[in-house]
Amino acid sequence: MGDSRPELIRDIAGLRDRLAVARKAGSPIGFVPTMGALHAGHGALMDAAKRDCNFIAASIFVNPIQFNNKEDYEKYGRNLPADLDFCAAHQVDVVFAPGPEEMYSTEQDAFVEVLNVSNGLCGEFRPGHFRGVATVVTKLFNIVQPDISYFGEKDAQQLAVIRRMVQALNMNTQITGVPTVREPDGLALSSRNQRLTPEERAYAPILFQALDAARLKALGGCQSATEVRAAGLDFLSKEPRIRLEYFEIVDAEDMQPVTHISARICIAAAVWLGSVRLIDNIAVQPLIVSPGR
Ligand code: AMP
């Protein structure tokens, strides 16, 4: 491909030294935190970063404290050589890939918790998950001190938690959300898709189609969250092999449930296909027609 490999740095002190040099050279630093097993969704974050900043740091770290399921943590895809090639193709300058002992060298007895927006959806079904995410992202922000950080809209509640954390704790980085990258059949790219069997992969797009059915209901002018939700659930029920965790209509900013749709909403769902949990969401700006028109 002719792309030069990014510099691989495994320790915090080494990364700080390298970034100090980049900063001194006047480069705004763009930061893309990931857990590796990189795919085109991560690539979109890196490409967005490259458009804004001339120095890009990506992190690859499977963060143990955000997993509430040991098997999910252990089975999470890990392939550093392939990830480095991927980063090279997306013009990443530095890859920070610490081991857990580098990130958690002492007992982690300080945590960051973002209230309210972490409630419900994944926050309800994955206790401690957002505390783990907010804590590791805070650590990474303190280490990297990025000018702009990039997160996917695919994980809408996570993006909302990070935005709120940065605002509430006066963190000095701008947060940029990047639209979800999908397969041609609508399935959102995810590292966990690799673990679907061919049969599960074949019916997995139903998740997106159900979200889309709910979206169309809202765009058709329906302002009842119950009815919009029912449109999505009806569609999902066509595939009995999918186990529902949640399917909710929430406010797109605070991620809390709405009953009457009058502002931008997020239709968010989590489902299980066999032993694989998938999440997806679609944001919708309802077309509100004022009465009398
Ligand atoms: P992960 O490696 O799954 O923790 O994801 C790292 C970042 O990539 C997060 O900000 C995710 O929201 C984002 N991401 C993951 N999948 C996608 C996708 N399909 N489209 C856009 N962004 C994504």
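Below is a summary of the structure that appears in this document. Note that the structure is predicted; figures quoted are calculated from it, not measured.

## Here's the deal with the site of the ligand
Here comes step 1: The local shell around the ligand holds 17 residues, among which His42, Gly152, Asp155, Val181 and Leu189 are the closest.
Here comes step 2: Between the ligand and the protein, one listed contact pairs an oxygen atom with a backbone N or O atom of glycine 152 at 2.9 Å.
Here comes step 3: Isolated, the ligand exposes 480 Å² of accessible area, and the fraction of that covered by the protein chains is 93%.
Here comes step 4: Of all the elements in the fold, those that place two or more residues in the shell around the ligand are β2 (29-34), α2 (40-52) and β5 (148-152).

## Topic: the side chain of serine 59
Here comes step 1: Within the element layout of this structure, serine 59 appears in strand β3 (residues 55-60).
Here comes step 2: Not counting residues up to four positions away in its chain, the partners in contact with serine 59 are Phe31, Val32, Pro33, Thr34, Phe96 and Leu140.

## Focus: the nonpolar core
Here comes step 1: Within the largest apolar cluster, 44 residues are counted, with the highest numbers of intra-cluster contacts made by Leu15, Met103, Val137, Phe141, Ile162, Met165 and Met255.
Here comes step 2: The dominant element in this core, judged by the number of residues it contributes, is helix α7 (residues 129-144), at nine residues.
Here comes step 3: The residues touching methionine 165, leaving out its near neighbours within four places in the chain, are Val112, Val114, Ala134, Val137, Thr138, Phe141, Asn170 and Met171.
Here comes step 4: Listed in part, the 27 residues of the second largest apolar core include Leu207, Ile261, Ala269 and Val271.

## Examining helix α4 (residues 80-89)
Here comes step 1: Taken together, the buried positions of α4 are Leu80, Asp83, Leu84, Phe86, Cys87 and Ala88.
Here comes step 2: Each element contacted by the buried residues of α4 is listed here: β1 (7-9), α2, β3 and β4 (94-96).
Here comes step 3: Its side-chain oxygen placed 3.3 Å from the backbone nitrogen of alanine 82, asparagine 79 serves as the N-cap of α4.
Here comes step 4: Of the residues one or two after α4, glutamine 91 is the one with positive phi, at around 60°.

## A word on the sheet that holds strand β8 (residues 265-273)
Here comes step 1: Read from one edge of the open sheet, three strands run β7-β8-β9, paired in antiparallel fashion. One side of each edge strand has no neighbouring strand; the edge strands of this open sheet are β7 (242-251) and β9 (276-284). Across the sheet, the mean angle separating the axes of adjacent strands is 15° when strand polarity is ignored.
Here comes step 2: Relative to β9, β8 runs antiparallel, the two being bridged by nine bridges. Residue leucine 273 lies in a different strand from β9, and its bridge partner there is valine 276.
Here comes step 3: Of the strands in this sheet, β7, β8 and β9 are in contact with helix α10 (residues 206-219), which crosses β9 at around 20°.

Conventions used here
Residues numbered from 1 in each chain as written. Predicted model: local features only at pLDDT ≥ 70, side-chain atom pairs only at ≥ 80, totals over all residues. Heavy atoms only, no water. Near = heavy atom within 4 Å. Polar contact = N/O pair within 3.5 Å; in protein donor to acceptor, adjacent residues only side chain to side chain. Areas by Shrake-Rupley, 256 points an atom, 1.4 Å probe, with all protein chains shown as cover. Helix = DSSP H or I, 4+ residues; strand = E, 2+ residues; numbered from the N terminus. Contact = heavy atoms within 4.5 Å. Core = buried A, V, L, I, M, F, W, Y, C linked by side-chain atoms within 4.5 Å. Buried < 20%, exposed > 50% of the residue type's maximum accessible area, 1.4 Å probe, protein only. Pairing = 2+ DSSP bridges. Axes fitted to C-alpha atoms, helices over the stretch in contact; angles between N-to-C directions.

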